[in-house]
Structure formats: structure tokens, C-alpha cells
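What follows is the residue order along each chain.
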Amino acid sequence: MTNFANCAEYTDGLLDGKTIGIAGFGHLGSSIAAALAANGFPKERLLISCGGSAATLARAERMGLASCMTDTRTLVSRADFILLAARPQDLGSFAGLRLKDGAFVMSFMAGISLATLHKVFDAELCRVMCSGPETITDGMGVSATFPSEARPHAVLRAAGLEVFDLSCESELDAFTVAICLPPILLNVELSEAETDATLAAMAKRYPVCRGLAPWIGRVVEAHRAEKSESSLENVSTKGGVTEAMTTALRGGSTLAGSIAAGLARCAEISAELAKRFAAHAA
């Protein structure tokens, strides 16, 4: 375990005395909470809110995080960093909540644009995308934020995640597709030549993928011996990006075609959520 007091090289003191609140305790929220605790972030400065199901509360108890549980209204009023790890469809539930003065909002809600987030939160904020729970648990997690800012980077590094810079908000889609690739490559038979050529082309088109290509190789190699459908299921949601990519591959598409399908699904999800939120706000 890393002593958080000795993590200045990763956080530059930006988290000193700060409280981190995680709204949502599913696969993603629980993995980030566990990683923060495992890396020594003080539990007394960690807040977690969730739907409150018996199974979720039992999981928090098993993880030694039961004392961190609270309601969302209390969380946003006390946390210096508010991590939105709930479903994108639940964004409206945060409308009208009073945030702590100076709070910074980090949205892990895939497909919710900065413009939409600013309609809900009168605060500084950024969008975040990170690799699947298994990579975070294994200490191989990667993440990206937009805009790029030192404070959210400190939070992510405190959880043991490597942080990548993005050139623009739309590059989050390319990052999203790229981090879906390791479990796909572990479960769908593709030639090494096709994989290498496709990753090289993706890296040439999207700057962030230049650094992600080696990471993809490391994750695949680390998990090759335990190849199983579970690694795919843990990052795949019905109607999501990973499902769109695997469906394309299993339908005879090339890996390049699968990536195109993933990018298209990212755009569709963003448009669907923007339309849904606009209707809800009206």
C-alpha cells in the first residue's frame, strides 16, 4: 500500500485536506473508491453515495467503506471533488443540488458533453473517461480528462491511474474506443498483423492513441492467461460502445470497421443523451 502522505510527487499537494465524493457505487465508482483507499487516501475524507440497494451496501461493508456512505445531497455539499460515476441517464437527479463552494465536478458519465454539464452545475468541471474496473484494480488503469487540469489529474493519480492529455473534447470518443480494445482483443480472434496495422492507423489519426497503443499491448499480455468472456462482460453494457464493436466484429467486420462502429456509437449516445436531457429540462 502506498502511504498517501508520501504521494506529493503525484498530487503536488493539491489534495491536502480535500474531500473526494463519489456519486455512484457500481463497477466504476466502487473500483475508484477502492483504488483511492488502497493507495492510502484517508477514508475519513472519502464520501460515497448510491441508490442504496442491500447488495450495494453489503459490498461497501465488505470493502471496508461503509463509514464513507452518505446521501447525494450531503455528498455534494461537503466534497471538494465530486466524481459523477452514476449512469448518464441519472444526470437530471443532480439538478438543483447545492454544491460546496469551490467544488470541482468530474463527470465520468459517458456521452454527456461539457455544454450539457454546465446546464446542471454552476461549478468548475471536466469530463473524464477511464479504463475498465479490472485495469484499475490491477494498477494498470488509464484515464483522460477534458479540459486538462491539474486538480482532477491529482485525484486520478491518487487512485493510481495514468492520465493522458487530449487535444479536444471530441477526442474523448477515440479514447473511449481505444480502452474498449483489450477485452475485445482477448476474446475475439484477430491476426497480429491486422491488430498492429489498425492500432498504428488509429494512433496516426488520434494523438492520444499514440500512448495508448503500448498500454493496450501490456493489458492484453497481462490478462492473456485468464482469457474469458467475463473480462468482456465487465466493460460491456447493453447498447454501449463495446457491444457495438464486438457486434461488428462477430458480423464479419475488420478491426478498423469495428473501431468505426464504436466511434459512431459514441456519437449516437451523445446525441441521444443530449436530446433526452433537453426534453427533461423543458
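Scroll up to find the structure this text is about.
Everything numeric in this text was worked out from a predicted model, so none of it was measured.

Caption draft 1: Representation of the overall build of the chain. Looking only at helices and strands, one finds 14 helices and seven strands in the chain. Once the C-alpha set of the chain is aligned to its principal axes, its extents read approximately 50 × 50 × 40 Å. The buried share among the 282 residues of the chain stands at 49%. Across the chain, every contact between residues at least 6 apart in sequence was considered, and the portion connecting residues at least 24 apart equals 62%.

Caption draft 2: Examining helix H13 (residues 241–250) more closely. Buried residues of H13: Val241, Thr242, Met245, Thr246, Ala248 and Leu249, and no others. Across the axial projection of H13, the buried residues extend over an arc of 155 degrees, all falling on one side. Summarising the geometry of H13, the exposed residues directed more than 90 degrees from the buried face are Thr247 and Arg250. Once H13 ends, the next one or two residues include Gly252, with phi positive near 105 degrees.

Caption draft 3: Representation of the sheet that holds strand S4 (residues 104–107). Ordered by their spatial adjacency, seven strands build an open sheet running S2-S1-S3-S4-S5-S6-S7, and the pairing between neighbours is mixed. In this open sheet, the two strands that pair with only one neighbour each are strand S2 (46–49) and strand S7 (162–164). Taking each pair of neighbouring strands and ignoring which way they run, the sheet shows an average axis angle of 25 degrees. By the bridge criterion, four bridges tie strand S1 (residues 20–23) to strand S3 (residues 81–84) in an arrangement that is parallel.

Caption draft 4: Structural detail: the pattern of salt bridges. If you walk through the whole model with that rule in mind, you get eight salt bridges. The partner of Asp90 in a salt bridge is Arg87, with the nearest N and O atoms 3.1 Å apart. You can call Asp90 partly exposed: its relative accessible area is 27%. Taking the relative accessible area as the measure of exposure, Arg87 reaches 53% and is therefore exposed. In this structure, the salt-bridge partner of Arg151 is Glu124, at a minimum N-O distance of 2.8 Å. In this pair, Arg151 sits in helix H7 (residues 150–158) while Glu124 sits in strand S5 (residues 124–130), placing the two residues 27 residues apart along the sequence. For Glu124, a relative accessible area of 45% translates into the label partly exposed. A single salt-bridge network, built from bridges that share partners, covers Glu124, Glu149 and Arg151.

Caption draft 5: Examining the packing of aromatic side chains more closely. Inspection of every chain in the model, using the stated rule, returns three aromatic pairs. Aromatic pair Phe81 and Phe104: ring centres 6.4 Å apart, planes at 40 degrees, arrangement tilted. With Phe81 in strand S3 and Phe104 in strand S4, this residue pair connects regions lying 23 residues apart in the sequence. As far as the burial class goes, Phe81 and Phe104 line up, both buried. Above the plane of the ring of Phe41 lies Arg45, whose end atom (NZ or CZ) is 5.0 Å from the centre.

Caption draft 6: Structural detail: the pairing of S2. Alternating residues of S2 divide into Leu46 and Ile48 and Leu47 and Ser49, and every residue in both groups is buried. The pairing of S1 with S2 spans four bridges and is classified as parallel. Residue Ile22 lies in a different strand from S2, and its bridge partner there is Ile48. In this view, the connection linking S1 to its parallel neighbour S2 by way of helix H2 (residues 27–38) has right-handed handedness.

Definitions and cut-offs
- Residues numbered from 1 in each chain as written.
- Predicted model: local features only at pLDDT ≥ 70, side-chain atom pairs only at ≥ 80, totals over all residues.
- Heavy atoms only, no water.
- Helix = DSSP H or I, 4+ residues; strand = E, 2+ residues; numbered from the N terminus.
- Buried < 20%, exposed > 50% of the residue type's maximum accessible area, 1.4 Å probe, protein only.
- Contact = heavy atoms within 4.5 Å.
- Arc of directions from axis to C-beta.
- Pairing = 2+ DSSP bridges.
- Axes fitted to C-alpha atoms, helices over the stretch in contact; angles between N-to-C directions.
- Salt bridge = Lys/Arg side-chain N within 4 Å of Asp/Glu carboxyl O.
- Phe/Tyr/Trp six-rings, centres within 6.5 Å; stacked < 30°, edge-to-face > 60°.
- Lys NZ or Arg CZ within 6 Å of the ring centre and 35° of its normal.
- Right-handed = clockwise from strand over helix to strand, strands pointing away.

These figures come from the coordinates and say nothing about function on their own.
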